[in-house]
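# A look at the structure
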Amino acid sequence: MEPHITLGPGSAKRSFPFQGDETLEFIPLGAGNEVGRSCCLLKFKGKTIMFDCGAHPGYRGEESLPFFDEVDAESIDLLLVTHFHVDHAASVPYFLTKTTFKGKVYMTYPTLAICKLVWSDFIKVSGISENCGGSLYTEKDIQETVNKIICIDYHQEVEVEGVKFWCYNAGHVLGACMFIVQIAGVRLLYTGDYSRQEDRHLMAAEMPSVQVHVLVVESTYGVQTHEPRRSREKRFLEAVVSTLQLGGRVLLPVFAIGRAQELLLLLDEYWRKNPELHRYPIICLSGMAKRCIASYQTYINQMNNRIRHLNDIENPFEFRHIRYMTTMAEFQDNCPCVVMASPGMLQNGPSRDLFDR
C-alpha cells in the first residue's frame, strides 16, 4: 500500500477553507509511485470519492488490480472516471460487479462509448478464458456495468448528497476530462492524464474557471519538454515518405485508441494533398482501432475548431486512404507500405509479429 497524503489547516502555505481540526485525505490505491492502475481516494467531511479505476498493463488477473483490499468498497460514495485508457478504467467492471460498492459512477459520453470496447478487448488480451473462471469479469458483467454508469457533459454540475462536482476537457484523448469536486466549500481538482497542447483533432486541456484549493495532477511527463507538434509532425512525415521512396516498409506500433486516430488523421490528410503517394497503401492492422472509429465520427462536437470546420464539408474520420485489417493473414507484404499495428509497446500481437519478420 502506498503512503497517503493528509492535508489539514496548517499543512500548506496556501490558505485552505478548513474549519477546526478537519482533515482531507488523499489515498492512492494504485499509481502512487508507479505508472499503471490509477485509482485514488478522496476522504473529507464523511464523504469518500474514488477517482479512476485502472488496471496495471504489466500484470494479469487480480495482480493487475488496484489495492481494493485496503478499503471498504461499500463506504465509497462516488466513482469518477477521467478517460478510457486501460490504466485508468479497465478495473471498473470488476469494482462494480465483484465488490460491495453501491455508489454512483460518472464519466463523459465518449468515454463510456469507448470503454465498452476497451473492456471487451481487455478480457481477450488478458489471455485468461472466461470459461475457466480466471477472467476478472465477463461480457455479462460489462453490460451490467454499462447500465450503472451515468454520463455527463463538460461543465455540467452534478450534486450527490452534498458533494458537488463538474468536469473540464483534458485534451489527451477523446472524452478525457478533469474533475473538480467541491465539499463544504473546499475544491479539489483531479486531472488524470491531460495535455495543454492542442493536436490535430483535440482541444488543449481547459484551465478551471474557479479557484482550486487542492490540486492532484498527473506527472508522468512532468519534467519533460516536448517538441512542438508541427515540427514533430514534419519530421515524422519526412521519415515515412523517405522510407517508402527507398522501397522500405514503415511499421508504426501504436496503442489502438487515441494516438492511432491522431496518426491516421495526419497520414490520410497528407495523402489527400499528395497524389504521388497514393501508390503506397496505409494499413491499420487493429480490430480495436476499426471498431472505435465510429465514436470518433460521432463525437466531432467534442473536438477542436479545425475538425468541426472540416466536418462541415466531410467527416474527417471517414478516411479515404486507410485500409483496415483485423488479422495478420490479411496482410500481404508485397510492396512499400505504412502499417500501423498495436500494441504500442511491441510486447506481443501484430506489431511484434511484424517487427520480428
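Residues numbered from 1 in each chain as written. Predicted model: local features only at pLDDT ≥ 70, side-chain atom pairs only at ≥ 80, totals over all residues. Heavy atoms only, no water.

## Concerning the overall build of the protein chain
Counting its regular elements, the protein chain contains nine helices and 16 strands. By principal-axis analysis of the C-alpha atoms, the protein chain measures approximately 70 × 50 × 35 Å. The burial tally for the protein chain puts 52% of its 357 residues in the buried class. The long-range fraction of contacts in the protein chain, counting pairs at least 24 apart against all pairs at least 6 apart in sequence, stands at 66%. Across the protein chain, the mean location of the 36 positive side-chain charges is 6 Å away from that of the 42 negative side-chain charges. (Helix = DSSP H or I, 4+ residues; strand = E, 2+ residues; numbered from the N terminus. Buried < 20%, exposed > 50% of the residue type's maximum accessible area, 1.4 Å probe, protein only. Contact = heavy atoms within 4.5 Å. Lys, Arg positive; Asp, Glu negative; His and termini not counted. Charge placed at Lys NZ, Arg CZ, Asp CG, Glu CD.)

## Thoughts on helix α7 (residues 287-298)
Within the sequence span of α7, burial applies to Gly 287, Met 288, Ala 289, Cys 292, Ile 293, Ser 295 and Tyr 296. Contact partners of the buried residues in α7: α3 (109-125), α6 (259-273), β14 (282-285) and β15 (322-325).

## Brief notes about the pairing of strand β16 (residues 338-341)
Within a regular strand, the side chains alternate between the two sheet faces. On β16, burial covers both faces: Val 338 and Met 340 on one face and Val 339 and Ala 341 on the other are all buried. The pairing of strand β13 (residues 250-253) with β16 spans four bridges and is classified as parallel. Note that in β16 the partner of Leu 252 across the bridge is Met 340. Where β14 meets β16, four bridges bridge the pair, whose relative direction is parallel. Bridge pairing in β16 places Leu 285 opposite Ala 341. (Pairing = 2+ DSSP bridges.)

## Side note on the confidence of the model for the protein chain
Looking at the protein chain, pLDDT values average 90 and 92% of them are 70 or higher. In this model residues 8-14 is a low-confidence stretch, pLDDT under 50, and it forms eight contacts with partners more than four residues away in sequence or in other chains. (pLDDT = per-residue confidence, 0-100.)

## Details of the environment of Gly 247
Mapping Gly 247 onto the fold places it in the loop between α5 (229-245) and β13. Under the relative-accessibility criterion, Gly 247 is labelled partly exposed at 34%. As for Gly 247 and Pro 336, which are separated by 89 residues in sequence, their C-alpha atoms are 5.3 Å apart.

## Looking at a nonpolar patch on the surface
On the surface, Tyr 194, Leu 215 and Val 217 cluster together into a nonpolar patch covering about 270 Å² of accessible area. Along the chain, the position of Tyr 194 falls in the loop between β11 (186-190) and β12 (214-216). Judged by relative accessible area, Tyr 194 falls into the partly exposed class, the value being 36%. (Patch = residues over 30% accessible without salt bridge, like charges linked within 9 Å, V, L, I, M, F, W, Y side chains within 5 Å. Areas by Shrake-Rupley, 256 points an atom, 1.4 Å probe, with all protein chains shown as cover. Salt bridge = Lys/Arg side-chain N within 4 Å of Asp/Glu carboxyl O.)

## Comments concerning α3
In this model, α3 (17 residues) spans 25 Å end to end at C-alpha, consistent with the 24 Å of a helix rising 1.5 Å per residue. Its axis deflected by about 25° at Cys 115, α3 carries its strongest bend there. Every buried residue of α3 is listed here: Pro 110, Thr 111, Leu 112, Ala 113, Ile 114, Cys 115, Val 118, Trp 119, Ser 120, Phe 122 and Ile 123. Turning to α3, the residues buried within the fold contact α1 (86-89), α2 (92-98), β6 (104-108), α4 (139-148), β7 (149-152) and α7. (Expected span 1.5 Å × (residues − 1). Bend = angle between axes of the 7 residues up to and from the residue.)

## Notes on the sheet that holds β14
The strands making up a sheet are joined through hydrogen bonds of the backbone, oriented either antiparallel or parallel. The four strands lie next to each other as β13-β16-β14-β15, forming an open sheet whose pairing is parallel. What marks the edges here is a single partner per strand, and that holds for β13 and β15. For this sheet, the mean angle separating the axes of adjacent strands, direction not counted, is 20°. Pairing of β14 with β15 involves four bridges; the strand directions are parallel. (Axes fitted to C-alpha atoms, helices over the stretch in contact; angles between N-to-C directions.)

## Digging into the pattern of salt bridges
Summed over the entire model, instances satisfying the criterion amount to 14 salt bridges. Two residues, Glu 269 and Arg 200, come together in a salt bridge whose shortest N-O distance is 2.3 Å. A residue pair is termed long-range when its members are at least 10 positions apart, and Glu 269 in helix α6 and Arg 200 in the loop between β11 and β12 qualify at 69 residues. For the pair shown, Glu 269 and Arg 200 are each scored as buried.

## Overview of the nonpolar core
The biggest cluster of nonpolar side chains holds 84 residues, and the ones touching the most others in it are Met 50, Leu 79, Phe 95, Trp 119 and Tyr 296. Top element by residues in this core is α3. It accounts for eight residues. When neighbours within four sequence positions are excluded, Trp 119 is seen to be in contact with Ala 89, Ala 90, Val 92, Pro 93, Met 107, Tyr 137, Ile 142, Thr 145, Val 146 and Ile 149. Core analysis: the next-biggest nonpolar cluster, separate from the first, contains 26 residues, Tyr 106, Val 160, Phe 179 and Ile 183 among them. (Core = buried A, V, L, I, M, F, W, Y, C linked by side-chain atoms within 4.5 Å.)

## Comments concerning the packing of α5 against α6
Between α5 and α6, the shortest axis-to-axis distance is 12 Å and the interhelical angle comes to 65°. By crossing handedness, the relation of α5 to α6 is classed as right-handed. Between α5 and α6, the contacting residues are Arg 229, Glu 233, Phe 236, Leu 237, Val 240, Val 241 and Leu 244 on the first element and Glu 262, Leu 263, Leu 266, Leu 267, Tyr 270 and Trp 271 on the second. Partitioned by chemical class, the residues of the contact of α5 with α6 number ten nonpolar, no polar and three charged. (Left-handed = near helix turned anticlockwise from the far one by under 90°. Nonpolar A, V, L, I, M, F, W, Y, C, P; charged D, E, K, R; others polar.)

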